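# What the coordinates show
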Amino acid sequence: HAAESVYTEYPDPRRDEWWTTIVPALKKIPLKVFEKITGRSRRLLIDARTGRRRPRPSTQQLLVSVARKLGVLC
């Protein structure tokens, strides 16, 4: 057996870029501005900013690009 097929990897959330870098940057953006720019629902943005849930990859890319555009994420 190959090691990849036998062992299960459990990612450490403390080292995940989404939780350590991106969520804190999203919290710096005013919610009304964030809603207007992204066109996403208020609930989705609140949940993403508080870390309650992780959006799907396409939405994550959108949120990261908006954060970079606004200068809160390098």
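Residues numbered from 1 in each chain as written. Predicted model: local features only at pLDDT ≥ 70, side-chain atom pairs only at ≥ 80, totals over all residues. Heavy atoms only, no water.

## A closer look at helix H3 (residues 31-38)
Our working rule: Here the term buried applies to any residue with accessible area under 20% of the maximum for its type, exposed to any over 50%, and partly exposed to those in between, with areas from a 1.4 Å probe on protein chains only. Working definition: helices are DSSP H or I runs of at least four residues, strands are E runs of at least two. Numbering for both runs from the N terminus. Here the arc refers to the directions that run from the helix axis out to each C-beta atom. Here, residues are in contact when the closest pair of their heavy atoms is within 4.5 Å.
Inspection of H3 places Leu-31, Phe-34 and Thr-38 among the buried residues, and these make up the whole buried set. Seen from one end, H3 has its buried residues packed into an arc of 60°, which puts them on one side. Those residues of H3 that are exposed and angled more than 90 degrees off the buried face are Lys-32 and Lys-36. Residues of H3 that are buried sit in contact with helix H2 (17-26), helix H4 (42-50) and helix H5 (57-69). Gly-39 sits one or two positions beyond H3 and adopts a positive phi of about 75°.

## Points about the confidence of the model for the protein chain
What counts is decided by this rule: The pLDDT value expresses, per residue, how confident the predictor is, ranging between 0 and 100.
On average, residues of the protein chain carry a pLDDT of 91, and 97% of them reach 70 or more. Between the elements of the protein chain, mean pLDDT differs from a low of 72, seen in helix H1 (residues 3-6), to a high of 97, seen in H5.

## Remarks on the side chain of Thr-59
As for its position among the elements, Thr-59 is in helix H5. Exposure remark for Thr-59: the relative accessible area of 5% places this residue in the buried category. Here Thr-59 is in contact with Arg-40 and Leu-44, once residues within four sequence places are set aside.

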